[in-house]
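So the chains spell out like this:
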Amino acid sequence: MLSEHVMQVEERIQKACERAGRSRDEITLIAVSKTKPVSDIEEVMSTGIVDFSENKVQELKEKYEILPKNLRWHMIGHLQRNKVKYLPGRTVLIHSVDSLRLAEEISREYARYGAEADILLEVNAAGEISKFGVSPEETEELARQIAVLPNVHIKGLMTIAPYTDDPEESRVYFKNLRQLSVDIAEKNIDNVSMSELSMGMTGDFETAIEEGATLIRVGTAIFGERNYNI
Ligand SMILES: *Cc1c(COP(=O)(O)O)cnc(C)c1O
C-alpha cells in the first residue's frame, strides 16, 4: 500500500521534471518518517528509497539503531544544542541550521567524534514569526561566519514555505531561495557550497522541482496523515 504511494509520488516527480526540463537524477526524494513506525519505513525501504528524515533527534536515534545501516538519515527539524551530540555517525545531512551558536556546537561535537558535518542553512523565506530559520538578508553573513568552523561544511539552503492549499503560492519563496543560493554561490566563499536546495513537501514539491529543488521532503503523500496524539 505504501509502495503504491511511493509510485504515485514518483510519477508526480517525473512529470514535474519533464515540465521543468530537468533530469530525474538531479532530485533526491527524502521520505519524512516522523511519527511513523519502523514497519512503515521497512515497507517504503522495499521500494528502493534509502533517504529518510526525522524532525526529532530522539526519534532519529531510535530508528537508526533498529533499521539497516545503509539508510541515509536527514535531520530536518529544529535542533537544540544539547541534542547535537547524538547526530555524528547517524545522519548524512542536517537541514535545519539557523544560528552560529548551533553550528559551533555541531562543529565541536563532530570534532570530538572525529567526523565532519554536512549542513544546510534553514532560511525563513517568508519572514514568518512562527518559523525558525535565518532571514534571507542575514543568510550570507551567517554562511561567512559558519564557513570558518573546522568540522562543518555548508552544502546549500533549506526552506519551509508557509502553509497553503495552493502550491502556486509557494513558488515565489522557492524562486527567492534559489536566487539567494545563486547570489551566495557567486561570492565564492571558502567552504561554502550552494549545490543543494532542500525545498518542497507533499503539497508543493512539484513547484519546488520546477524552481530548482535538489532535495524534496515528502511525508504525508508517502506515509499518510500523521497522528501526533499516539
Ligand atoms: C513534516 C515535515 C515535512 C513533510 O511534510 P508533508 O507535508 O507531510 O510532506 C517536510 N519538511 C519538514 C521540515 C517537516 O517537518
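Everything discussed here concerns the structure shown above.
Residues numbered from 1 in each chain as written. Predicted model: local features only at pLDDT ≥ 70, side-chain atom pairs only at ≥ 80, totals over all residues. Heavy atoms only, no water.

Asks: Tell me about the side chain of Glu59, and please be specific about residues and values.
Replies: Mapped onto the secondary structure, Glu59 falls in helix 3 (residues 57-66). Those residues in contact with Glu59 that lie beyond four places of it in its chain are Ser33, Lys34, Thr35, Lys36 and Glu54. (Helix = DSSP H or I, 4+ residues; strand = E, 2+ residues; numbered from the N terminus. Contact = heavy atoms within 4.5 Å.)

Asks: So what's going on with the packing of aromatic side chains? Residues and values would help.
Replies: For the structure shown, the criterion picks out one aromatic pair. Ring geometry for Phe52 against Trp73: centres 5.9 Å apart, planes inclined by 40°, an arrangement best described as tilted. Of the two residues, Phe52 is situated in strand 2 (residues 51-54) and Trp73 in strand 3 (residues 72-75); the sequence distance between them amounts to 21 residues. Between Lys69 and the ring centre of Tyr64, over which it is positioned, the NZ or CZ distance is 4.7 Å. (Phe/Tyr/Trp six-rings, centres within 6.5 Å; stacked < 30°, edge-to-face > 60°. Lys NZ or Arg CZ within 6 Å of the ring centre and 35° of its normal.)

Asks: Just give me the short version of the site of the ligand, but keep the residues and values in it.
Replies: Near the ligand you find Val32, Lys34, Ile76, Met158, Ile160, Met201, Thr202, Arg217, Val218, Gly219, Thr220 and Arg226, and these make up its full shell. Taking Thr202, its side chain carries an N or O atom lying 2.5 Å from an oxygen atom of the ligand. For the ligand, an oxygen atom lies 2.5 Å from a polar atom in the side chain of Thr220. Contact with the protein chains removes 89% of the 390 Å² of surface that the ligand exposes when unbound. Considering only residue class, the shell around the ligand consists of six nonpolar, three polar and three charged. (Near = heavy atom within 4 Å. Polar contact = N/O pair within 3.5 Å; in protein donor to acceptor, adjacent residues only side chain to side chain. Areas by Shrake-Rupley, 256 points an atom, 1.4 Å probe, with all protein chains shown as cover. Nonpolar A, V, L, I, M, F, W, Y, C, P; charged D, E, K, R; others polar.)

Asks: Explain the pattern of salt bridges to me, using residue names and the numbers behind them.
Replies: Throughout the structure, instances matching the rule amount to 17 salt bridges. Lys63 serves as the salt-bridge partner of Glu59, at 2.8 Å between the closest nitrogen and oxygen. Of this pair, Glu59 and Lys63 both sit in helix 3, separated by four residues, roughly a single helical turn. In terms of burial, Glu59 and Lys63 fall into one category: buried. Among the salt bridges present, the one from Glu211 reaches Arg171, with a minimum N-O distance of 2.8 Å. With Glu211 in the loop between helix 7 (205-210) and strand 8 (215-218) and Arg171 in helix 6 (residues 171-186), this residue pair connects regions lying 40 residues apart in the sequence. (Salt bridge = Lys/Arg side-chain N within 4 Å of Asp/Glu carboxyl O. Buried < 20%, exposed > 50% of the residue type's maximum accessible area, 1.4 Å probe, protein only.)

Asks: Which residues make up the side chain of Ser181, and what values go with them?
Replies: With respect to the helices and strands, the residue Ser181 is situated in helix 6. The exposure class of Ser181 is buried, given its relative accessible area of 5%. Once residues within four sequence positions are removed from consideration, Ser181 is found in contact with Leu157, Met194 and Leu197.

Asks: Can you lay out helix 3 for me, pointing to particular residues and giving the numbers?
Replies: Taken residue by residue, helix 3 has Val57, Glu59, Leu60, Lys63 and Tyr64 as its buried positions. Taken down its axis, helix 3 places every buried residue within 160° of arc, on the same side. On the buried face of helix 3, the contacting elements are helix 2 (38-45), strand 2 and strand 3. (Arc of directions from axis to C-beta.)

Asks: Tell me about the nonpolar core, and name the residues and values.
Replies: The biggest cluster of nonpolar side chains holds 63 residues, and the ones touching the most others in it are Ile106 and Ile146. Contacts of Ile106, omitting those with residues within four sequence positions, involve Leu79, Val84, Ile94, Val97, Ala117 and Val152. Judged by nonpolar contacts, the second largest core, of five residues, contains Ile30, Leu93, Met158 and Leu215. (Core = buried A, V, L, I, M, F, W, Y, C linked by side-chain atoms within 4.5 Å.)

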